[in-house]
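In case you want the letters, here they are:
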Amino acid sequence: MSTTNTFLNTPTKTPNSTSISKKHHKQHASDSGSEFKDRFEAYNRLQAAAVAFGEKLPIPEIVAIGGQSDGKSSLLEALLGFRFNVREVEMGTRRPLILQMVHDPTALEPRCRFQEEDSEEYGSPIVLASAIADTIKFRTESLLKRTRAAVSSKPIVMRAEYAHCPNLTIIDTPGFVLKAKKGEPERTPDEILSMVKSLASPPHRIILFLQQSSVEWCSSLWLDTIREIDPTFRRTVIVVSKFDNRLKEFTDRWEVDRYLSASGYLGENTHPFFVALPKDRGTISNDEFRRQISQVDAEMLRYLRDSVKGGFDEDKYRSYIGFGCLRDYLEAELQRRYKEAAPATLALLEQRCGEVTAEIARTECKIKATSDVAHLRKSAMLHTAALCNHVEALIDGAADPAPEQWGKTTEEERSESGIGGWPSVTVDIKPPNATLRLYGGAAFERVLHEFRCATYSIKCPPVSREKVANILLAHTGRGGGRGITEAAAEIARAAARSWLAPLLDTACDRLAYVLGNLFEISIEKNHGHDSNHRHRSVDIEGYVGFHAALRQSYNHFIKDLSKECKQLLCHHLDSVTSPYSHVCYENNFIGSFSSGASSMYQFNQASTGPLCLELSDGGPALCKEVMKDQENIPPEKNAQETTPGKVTENREALRECQMTVPETPSPDQPSDGNYGIKRELVNCVEVGARKRHPRIAGNARNCGQNGEGLLFGNGDNISRPSSTYAEICSSAAQHFARIREVLVERSVASTLNSGFLTPCRERLPVALGLDLFAVNDEKFMDMFVAPGAIDTLENERQSLQKRQKILHSCLNEFKSVARAL
């Protein structure tokens, strides 16, 4: 055995003479008095308290590990001095078992008590061996069923008081397996290996590793695992079990000595123990069981001395052969470690007692503060301020808490919000990073981008001929003469109002959902901040009324922001779709219409009567036939438009005049030059209409044959490359695209950022403060009427006081032990 530099050491080298037995017996005799008994009892009580309260204390312990069927269960029974059929219930294969063996000369029959789950108290003594096995089995199955796991690292603690067991504490662990049993998860072997490594890794624990003698060192399955935990075997005791099965293979001394040395694999300073135990598993008395153990030890020594030629090197290996030597060594080693660890344990206990006392004082302050209005106001304000700070941090960009757990994908946002997809959008909108789990500012920007994609996927919807006629002819009938441009613009405005408004509302709802999720994330972030600083800045846990009011106020604030943003976006939409808006008449669209100037000019020339507007493909030819005999009709190819009292102008000059301001603006005619209709053209239309109306009416009857009207013929009889209806639809689509672009690029993004994010950064603390704290004390205290919270604090104080009592008792015992050392 080797030595560590910690306070939990093993010998540098196990003594190599037969005097070890005398030294062990001498040490055991010296420690068998009240000094060792008090120390052992103190550690046992401390260990029980540590298990119950989840304390991490470096108590010297022995951890037994090995493969399944390597003899761990039999070894534990031998150490206890009685059998209780642990192998039949597979003790320790799924939960660790902490065995606290107490040597009590008055206990002629073993008394076993199990520590209650999550408590330092022990139950009633159990005498029957079968009842012990049943208790282990029941507790194991109950916990695994409750946790839905195949194995658990939560130990079972059993205290065994017996006149024939040593003062020893040992942890039995699940045995290593290569393959899961039938009905168990495939990952069970890996879970067992991970749990055993965790139990054996603390440096204050002695590793007791068992391996069958039939396994050669070079073929050991688990020796490499031990090397991972303890590379130099400095705190490892290696036990070769079932040694009697190997004895028959030895005939000469050199064979025995070479096997017992194991120096080629374990090193010069590491000597394993060689143990064999009775194979008879029948029902025998405890006295007979112990007699058989002694008999097996004696038979092994007799065979090595008498049946092996030359015997074996007794001076070197005698102290490692037999169960009795292993038991004495383990007890002596644990006693030594207890003694060395006592000063450090005493210091640790004093520290923990001070910490528990401080926790009790804080809990009592919390209980008193439950009726202190000023304290509650301060705590609630600090909690609310922390929440607002976390919301701002999440909006500005954060990676804590983990986005993988708290973030949402685009699909999850759609489904969990209950909003679904974008209205009237038939294509599947997948913005960049749609599959990533995002929250806060990142999720906000992703929704904005998704809105842009959805909006640009909508085209101007098709417009029926009836709608075009109703818009265009109504103005012409009133003498407005607004022409194709105004008709197309009006159609585009109506389509934008109808199709874009639902998208704007949906964007606001989605963004409100993203910001609403920040409440839960901020609460989690606040918990993580407090745990990282090992304290809670303010403690108002359990006040359900306050937390409900805080959540309601936050949700109400976000809903108000959403409502305000909807109103602002509605205003922007109304503005951009207003007849007075410049959007439909900006230069890029006017330029696009100039390419079709000839057809538009002809249309305006023909617009001298309310019934001569033909929107079908055969319309222009029919209109010429109707108008050929009328007066005051300029030649078709005339490039000039004359008006009484005006100088003749060319066609380009005429189009310039169409964008001048009318002399007498009216609500139907914007004052902006880009929206004006040429006054001279209006006069011409009005005069021509008055002069030609009777004749046109008669000719219109001639134009409508077979029940088909002149205005909306189906175009089957006459084929034209394009029609007035097609031009209006094309112009409307261009106007719609322009309205959509101006709305999205100039208004939406800035409005949503300033309408949602800026208030969350600047107005949220004030809004929450007014809702929660701008009330009188009586109404404020209504949020803190929480008997459950007070009961929780009372239970916490009682638990701390109980822990304090146990730790102070252990501290006093260790002080007595330290004085006796």
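Here, the structure is the one placed above.
Residues numbered from 1 in each chain as written. Predicted model: local features only at pLDDT ≥ 70, side-chain atom pairs only at ≥ 80, totals over all residues. Heavy atoms only, no water.

Draft legend 1. A look at the pattern of salt bridges. Inspection of the entire model under this criterion finds 43 salt bridges. Residue Glu-116 pairs with Arg-139 through a salt bridge whose shortest N-O separation is 4.0 Å. Within this pair, whereas Glu-116 is found in the loop between β3 (111-114) and α4 (129-147), its partner Arg-139 is found in helix α4, the two being separated by 23 residues in sequence. Take Arg-139: its relative accessible area is 14%, and that puts it in the buried class. Arg-290 is the partner of Asp-287 in a salt bridge, and the nearest nitrogen-oxygen pair spans 2.2 Å. Of this pair, Asp-287 and Arg-290 both sit in helix α10 (residues 286-306), 3 residues apart, roughly one helical turn. Looking at Arg-290, the relative accessible area reads 16%, which means it is buried. (Salt bridge = Lys/Arg side-chain N within 4 Å of Asp/Glu carboxyl O. Helix = DSSP H or I, 4+ residues; strand = E, 2+ residues; numbered from the N terminus. Buried < 20%, exposed > 50% of the residue type's maximum accessible area, 1.4 Å probe, protein only.)

Draft legend 2. Focus on the packing of aromatic side chains. Within the structure shown, the criterion is met by 12 aromatic pairs. For the pair Phe-273 and Tyr-320, a centre-to-centre distance of 5.3 Å together with 65 degrees between the ring planes defines the contact as edge-to-face. A residue pair is termed long-range when its members are at least 10 positions apart, and Phe-273 in strand β8 (residues 273-274) and Tyr-320 in the loop between α11 (314-317) and α12 (323-369) qualify at 47 residues. Across the pair, exposure class does not vary: Phe-273 and Tyr-320 are buried alike. Seen from their ring centres, Phe-273 and Tyr-329 are 5.3 Å apart, and the 35 degrees between their planes marks the pair as tilted. Of this pair, Phe-273 sits in strand β8 while Tyr-329 sits in helix α12, and the two are 56 residues apart along the sequence. Taking relative accessible area as the criterion, Tyr-329 reaches 2% and is therefore assigned buried. (Phe/Tyr/Trp six-rings, centres within 6.5 Å; stacked < 30°, edge-to-face > 60°.)

Draft legend 3. Quick look at the packing of helix α13 (residues 373-396) against helix α26 (residues 724-762). Here α13 crosses α26 at 145 degrees, and the two axes come no closer than 9 Å. In the crossing of α13 with α26, the sense of the turn from one axis to the other is left-handed. Residues Glu-392, Ile-395 and Asp-396 of α13 touch α26, and the partners they reach there are Leu-757, Cys-760 and Arg-761. Across the contact of α13 with α26, the residue classes tally to 3 nonpolar, no polar and 3 charged. (Axes fitted to C-alpha atoms, helices over the stretch in contact; angles between N-to-C directions. Left-handed = near helix turned anticlockwise from the far one by under 90°. Contact = heavy atoms within 4.5 Å. Nonpolar A, V, L, I, M, F, W, Y, C, P; charged D, E, K, R; others polar.)

Draft legend 4. Highlighting helix α3 (residues 72-80). When you tally the buried positions in α3, you get 9 out of 9 residues, the bulk of the element. Among all positions in α3, only Lys-72, Ser-73, Ser-74, Leu-75, Leu-76, Glu-77, Ala-78, Leu-79 and Leu-80 are buried. Directly after α3, the chain includes Gly-81, whose backbone phi takes a positive value near 90 degrees.

Draft legend 5. The environment of Pro-272, seen in detail. Relative to the elements of secondary structure, Pro-272 occurs in the loop between α9 (263-266) and β8. For the pair Pro-272 and Val-237, spaced 35 residues apart in sequence, the C-alpha separation works out to 6.7 Å. Not counting residues up to four positions away in its chain, the partners in contact with Pro-272 are Trp-217, Ile-238, Val-240, Leu-260, Ala-262, Leu-266 and Tyr-320.

Draft legend 6. Focus on the environment of Leu-568. For Leu-568, the location among the structural elements is in helix α20 (residues 544-576). Its relative accessible area of 41% is what places Leu-568 among the partly exposed residues. Between the C-alpha atoms of Leu-568 and Ser-747, which are 179 residues apart in sequence, the distance is 9.4 Å.

Draft legend 7. Local environment of unusual backbone geometry. The amide bond that connects Asp-400 to the next residue, Pro-401, takes the cis arrangement and shows omega of 5 degrees. As for its position among the elements, Pro-401 is in the loop between α13 and α14 (403-406). Here the phi dihedral of Ser-424 falls at roughly 70 degrees; this positive angle occurs in a residue that is not glycine. Inspection of the secondary structure assignment puts Ser-424 in the loop between α15 (410-417) and α16 (440-456). The backbone of Asn-433 sits at a positive phi, close to 65 degrees, despite the residue not being glycine. Checked against the element boundaries, Asn-433 lands in the loop between α15 and α16.

Draft legend 8. Representation of the pairing of strand β1 (residues 61-66). Counting buried positions along β1 yields 6 of 6 residues, so the element is predominantly enclosed. Pairing analysis gives 6 bridges linking β1 to strand β6 (residues 205-212), with the strands arranged parallel. Each bridged residue has a counterpart across the sheet, and for Gly-66 the counterpart in β6 is Leu-210. Examined bridge by bridge, β1 and strand β5 (residues 168-172) share 3 bridges and lie parallel to one another. Paired with Ile-62 across the two strands is Ile-170, which belongs to β5. (Pairing = 2+ DSSP bridges.)

Draft legend 9. Quick look at the environment of Arg-159. Looking at where Arg-159 falls in the secondary structure, it is placed in strand β4 (residues 156-162). Expressed as a C-alpha distance, the spacing of Arg-159 and Ala-48, which sit 111 residues apart in the sequence, is 9.6 Å.

Draft legend 10. Fine view of α15. Along α15, the residues classified as buried are Thr-410, Glu-412, Glu-413, Arg-414 and Ser-417. Backbone geometry just downstream of α15 places Gly-418 in the positive-phi region, at approximately 75 degrees.

Draft legend 11. How the structure looks around the sheet that holds β6. What the 8 strands build is an open sheet, ordered β3-β4-β2-β5-β1-β6-β7-β8; its pairing is mixed. Each having just a single partner strand, β3 and β8 make up the two edges of the open sheet. Alignment of β3 against β4, held across 4 bridges, turns out to be antiparallel. Bridging across to β4, Cys-112 finds its partner in Ala-160. Sheet contacts for α3: β1, β2 (97-103), β4, β5 and β6; angle to β5, the most-contacted strand, approximately 160 degrees.

Draft legend 12. A look at the pairing of β4. Of all 7 residues in β4, 7 are buried; the element is thus mostly enclosed. Neither face of β4 is left uncovered, since the one carrying Ile-156, Met-158, Ala-160 and Tyr-162 and the one carrying Val-157, Arg-159 and Glu-161 both have all their residues buried. Judged from the 7 bridges that link them, β2 and β4 form a sheet pairing that is parallel. Paired with Val-102 across the bridge in β4 is Glu-161.

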